[in-house]
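# Analysis of the macromolecular model
One-letter residues, chain by chain:
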Amino acid sequence: MSAKKDKGGGAGDEAATQQRLVELRALKNAYTNQCRRYIVEPITAVAKRLERAAQAIEDVDKIIINNHKLAVSDVHALHQTFNTYSPLSTLCLWLSPMDPKALETLAKLVSTHPSLATLHLIDCNVTAATAAHIRAMCTGAKALTSIVLDHNAGLASVGVTTVFSGIMAAGPACVLKVISMRYCDIGARGAETVAAALIENTTITELDITGNRIGDEGLVHFARALSVNATLKILNAAANNITDREKLLPPQALATCNKALTMLDLRGNNIGETGGRCVLEMLKLRKAAALSKKAEPLEVLVTERMSGSLYEEIMDLNDAMVDIARKSQKKGGSGKKGGKGKKK
């Protein structure tokens, strides 16, 4: 009886494989036909990905387009081919500039796609004038949880304000968890809007604003937001022209009022002896809170622009935070086993 089941299972598997092959070939043909419809050459990277998928009989879960200027016809062809294709979860556009119409069409694809969770638009000529389309993606998409907008300096403070004001307006309907805006020329004004959004937002867990020249003023805005925010776990504010001034990072507010943050990256800033002592005090307070389980362990990364002894103290406390987190995870894992073991 088991042999018959195996044979039946084998036949079923073969039929399922053939069905997937038919679907993948149909997807490949659909892209070719859509390119003809919009009178545009197939994007080489997309055509090759579809060919590989058909040969290997594997789903197309990720598409990467690199260094290709995208016209609105290119994006229309992608939209019509993949708009209901549920295996697609990641779309990466790198060094691929788009005009406003192309970005508008992409926004329609992202907003309506059932499973597209990760979008990269790195150095794609996204500007303040086209930021409304990014806003539409961030607030309208039901599946989008991660967006990377690095190296779009044209966004600047005005564009970033457009995007984050939309996130604030969307409230819990916005499902974004990870946002990266490295080198987008946010500045202090843009930082104020982003920080204001963090005060209200309950979904974003990771934010990267490296290289945005937010300065001391921008850091003050984030410090206020972090004293209230209970969701953000990782904040990368490296290389932001932050100086060595006192009270830029209120130790008490960030150590005890904020309980969720686990990583604050301040490397590449001009934080010296004064700022270093502030970080040290914050870590000491946070360590006590973490040990008493009143807050998550927090690492604060800085560049060695202070005395060696102060830098070593900060690094030692960071190591202690990692150790606390590791022990907490072990206890959490062993607790369940221990609970079972008590029953005899």
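What comes next is a walk through the structure.

The rules behind each value
- Residues numbered from 1 in each chain as written.
- Predicted model: local features only at pLDDT ≥ 70, side-chain atom pairs only at ≥ 80, totals over all residues.
- Heavy atoms only, no water.
- Salt bridge = Lys/Arg side-chain N within 4 Å of Asp/Glu carboxyl O.
- Buried < 20%, exposed > 50% of the residue type's maximum accessible area, 1.4 Å probe, protein only.
- Helix = DSSP H or I, 4+ residues; strand = E, 2+ residues; numbered from the N terminus.
- Phe/Tyr/Trp six-rings, centres within 6.5 Å; stacked < 30°, edge-to-face > 60°.
- 1 Å grid on protein atoms, 1.4 Å probe; cavity = no way out; pocket = protein on both sides within 12 Å on 5 of 7 lines; lining within 4 Å.
- Points joined across faces, edges and corners; volume = space filled by probe spheres on them.
- Nonpolar A, V, L, I, M, F, W, Y, C, P; charged D, E, K, R; others polar.
- Axes fitted to C-alpha atoms, helices over the stretch in contact; angles between N-to-C directions.
- Parallel < 35°, antiparallel > 145°, perpendicular 65-115°, else oblique.
- Left-handed = near helix turned anticlockwise from the far one by under 90°.
- Contact = heavy atoms within 4.5 Å.
- Pairing = 2+ DSSP bridges.

Further remarks concern the pattern of salt bridges. In the structure shown here, the tally under the stated rule is eleven salt bridges. When the shortest N-O distance is used, the salt bridge between R49 and E58 registers 3.4 Å. Owing to a relative accessible area of 11%, R49 belongs among the buried residues under this scheme. Its relative accessible area of 35% is what places E58 among the partly exposed residues. Two residues, R49 and D61, come together in a salt bridge whose shortest N-O distance is 3.8 Å. Taken together, the positions of R49 in helix α2 (residues 44-56) and D61 in the loop between α2 and β1 (62-66) put the pair twelve residues apart, joining distant regions of the chain.

The next point concerns the packing of aromatic side chains. Per the counting criterion, the structure on display carries one aromatic pair. Relative to Y85, the ring of F82 has its centre 6.1 Å away and its plane inclined at 70°; by these criteria the two rings are edge-to-face. With relative accessibility at 2%, the residue F82 sits in the buried group. Accessibility expressed as a relative area gives 14% for Y85, which makes it buried.

Turning next to empty space enclosed by the protein. The tally for this structure, following the rule as stated, stands at two cavities of 30 Å³ or more. The space that makes up the largest cavity amounts to roughly 70 Å³. Around the largest cavity sit L219, I242, T243, R245, K247, L248, L249, I271, G275, C278 and V279, which together line it. The dominant element in the lining of the largest cavity, judged by the number of residues it contributes, is helix α10 (residues 273-291), at three residues. Looking at the lining of the largest cavity residue by residue, the classes come out as seven nonpolar, two polar and two charged. Within this model, the second largest cavity holds a volume of roughly 40 Å³. Taken together, I63, L78, F82, L88, L91 and L109 make up the lining of the second largest cavity.

Here helix α5 (residues 131-140) crosses helix α6 (residues 156-170) at 25°, and the two axes come no closer than 8 Å. Between α5 and α6, the interaxial angle falls into the category roughly parallel. In this structure, α5 crosses over α6, and the sense of that crossing is right-handed. Touching A131, A132, I134, R135, C138 and T139 of α5 are G159, T162, V163, S165, G166, I167, A169 and A170, all from α6. Among the residues making up the contact of α5 with α6, the classes are represented as eight nonpolar, five polar and one charged.

Unfilled space is identified by rolling a water-sized probe across the atoms. Roughly 240 Å³ of volume is contained in the largest pocket. Counting residues per element, the ones that place at least two in the lining of the largest pocket are α10 and α11 (308-341). In terms of residue count, α11 provides more of the lining of the largest pocket than any other element does, five residues in total. Of the residues in the lining of the largest pocket, the class split is five nonpolar, one polar and six charged.

Hydrogen bonds between backbone atoms are what pair the strands of a sheet, whose relative direction is either parallel or antiparallel. Taking strand neighbours across the sheet as the criterion, the nine strands line up as β1-β2-β3-β4-β5-β6-β7-β8-β9 in an open arrangement whose pairing is parallel. The open sheet has two edge strands with one neighbour each: β1 and β9 (299-301). Across the sheet, the mean angle separating the axes of adjacent strands is 5° when strand polarity is ignored. Where strand β3 (residues 118-122) and strand β4 (residues 146-148) come together, three bridges link them in parallel fashion. Of the residues in β4, the one forming a bridge with T118 is S146.

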